[in-house]
Amino acid sequence: MTVRLKRGRDGPVRAGHPWIFSGAIDAVEGQGPAGALVRVLASDGSFLGLGYHNPHCSIAIRMLTRMDTLVNAAFIYQRLKTALALRQALLPPETTGYRLVNGEGDFLPGFVVDVYGQFVVCQCLTAGAEALKPLLVDGLVALLSPIGIYEKSEGNVRREEGLPNAAGVLWGAEPPPLIAIRENRCQFWIDPRGGQKTGFFLDQRNNRALLGNLAKGKSVLNGFAYTGGFGVFAAKGGAKNIVSVDSSDSALHLARRNWESNALPSEQGRFLQADMFTYLRDTPQRFELIVLDPPPFVRRRQDLQAGLKGYKEINLQALRKLEPGGQLFTFSCSQHVSALDFMQTVLFAAADARREVQLLQQLGSAYDHPMNLAHPEGVYLKGFWLCVGD
Ligand code: SAH
């Protein structure tokens, strides 16, 4: 199949942007199922690259390469090998959980591959990724010799691509109910089936380590704690006490287990099932260090204003509960919220809380979540490390 773009629409593709919207397409020659490979040409007929095509989506083509090559097993294997080399160079010691493939950021659009020890958990989010799945599995087996590869493909993109959720073993052995990994010398249990995403938020690794280095002697609130990652690092770093709050009972159950697996003293950690908005409003307690790592409040662009209100409220309440000189780690993982939007929202919260706030560092996702510089849409996790005045 060949796709020809409209005049003047080739610029982003030539610059390396992996997405081509349906509105940029002039003509499609030949026929193929959703996800079929296509040659992409500019309006003058010059070759732009190879991608896969889904006529039912507004992102109609995702580019795989700008070279005139074969997209075959060797191609996918080479992409995986390059991705692995980057992780091997950058991952900290005693870390057995990492993201091997971060979709467009690793030039493998539609694929997410997380490695948890000897097991691999992957997501194939598009029809094109679905079509290339056998090659992905072969490549992963050849490269990693895992015990098993498990698929957990779900979410908005799948829906837009017209695909149902898919879960199950793709190769080798069924993973156990919980997989053990290490991250910077801490131990965590991952639930690949019942957990969120593939089971663990690997993107927060660097920020968890940073928090651990700051926590000594402090009272810490781990808001939206999930399986307790930030809390474990704070405790290892010598925090005085840690309150972990999450609305999910099963997440907190695993958080408690993770606490115990790291041999942390039980009297130092409290785990509360609660809505963070209510908890922060009502608690009389003050903290020296607060983490806010909520789920995305803006899932669709049209929800931006409502979502920003949520971010403002939660940050306002947290700023009120910080001791003088206290620190806040605040995050947004909404793709539709820019770093500037988020900073402005936190600034409004600070103004309403009548607190002076210093930005110590802007935070993002760990190095095993690279993004393609030509694809700013790939940035989703934004965070600020803040210090409040008296
Ligand atoms: N910081 C975590 C990841 C947080 S994911 C880590 O490092 O692993 C977001 C979490 O927020 C989920 O566990 C979800 O259960 C929880 N959550 C969603 N809405 C909530 C609410 N209103 N109050 C408390 N927790 C909430």
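Below is a short write-up of the structure.

About the thresholds
- Residues numbered from 1 in each chain as written.
- Predicted model: local features only at pLDDT ≥ 70, side-chain atom pairs only at ≥ 80, totals over all residues.
- Heavy atoms only, no water.
- Axes fitted to C-alpha atoms, helices over the stretch in contact; angles between N-to-C directions.
- Helix = DSSP H or I, 4+ residues; strand = E, 2+ residues; numbered from the N terminus.
- Parallel < 35°, antiparallel > 145°, perpendicular 65-115°, else oblique.
- Left-handed = near helix turned anticlockwise from the far one by under 90°.
- Contact = heavy atoms within 4.5 Å.
- Nonpolar A, V, L, I, M, F, W, Y, C, P; charged D, E, K, R; others polar.
- Buried < 20%, exposed > 50% of the residue type's maximum accessible area, 1.4 Å probe, protein only.
- Pairing = 2+ DSSP bridges.
- Right-handed = clockwise from strand over helix to strand, strands pointing away.
- Salt bridge = Lys/Arg side-chain N within 4 Å of Asp/Glu carboxyl O.

All right, on to the packing of helix α2 (residues 73–90) against helix α3 (residues 127–144) then. The N-to-C vectors of α2 and α3 enclose an angle of 50°; their axes lie 9 Å apart at closest approach. Relative to α3, α2 is oriented oblique. In the packing of α2 onto α3, the handedness of the crossing is right-handed. Contacts between α2 and α3 involve A73, I76, Y77, L80, K81 and L84 from the former and L132, L135, L136, G139, L140, A142, L143 and L144 from the latter. Looking at side-chain class alone, the contact of α2 with α3 contains 12 nonpolar, 1 polar and 1 charged residues.

Of all 6 residues making up strand β15 (residues 241–246), 5 are buried, and the element is well covered by its neighbours. Judged from the 5 bridges that link them, strand β14 (residues 219–223) and β15 form a sheet pairing that is parallel. By the bridge assignment, V220 is partnered in β15 with I242. As for the winding sense of the linkage, the β-α-β connection from β14 through helix α6 (residues 229–236) to β15 is right-handed. Regarding topology, helix α7 (residues 249–261) serves as the crossover connection from β15 to the parallel strand β16 (residues 269–273), and that connection is right-handed.

On to the pattern of salt bridges, then. Throughout the structure, instances matching the rule amount to 17 salt bridges. With its nearest N and O atoms 2.8 Å apart, the salt bridge here joins R208 to E183. Of the two residues, R208 is situated in helix α5 (residues 205–214) and E183 in strand β12 (residues 179–183); the sequence distance between them amounts to 25 residues. The residues R208 and E183 share a single accessibility class, namely buried. The shortest N-O distance in the salt bridge between D368 and R205 comes to 2.6 Å. Residue D368 is located in the loop between β19 (357–363) and β20 (382–388), and its partner R205 is located in helix α5; the two are separated by 163 residues in the primary sequence. Across this residue pair, the class does not change: D368 and R205 are buried. Here the salt bridges share partners, and the residues they tie into one network are E130, K133, E151 and R158.

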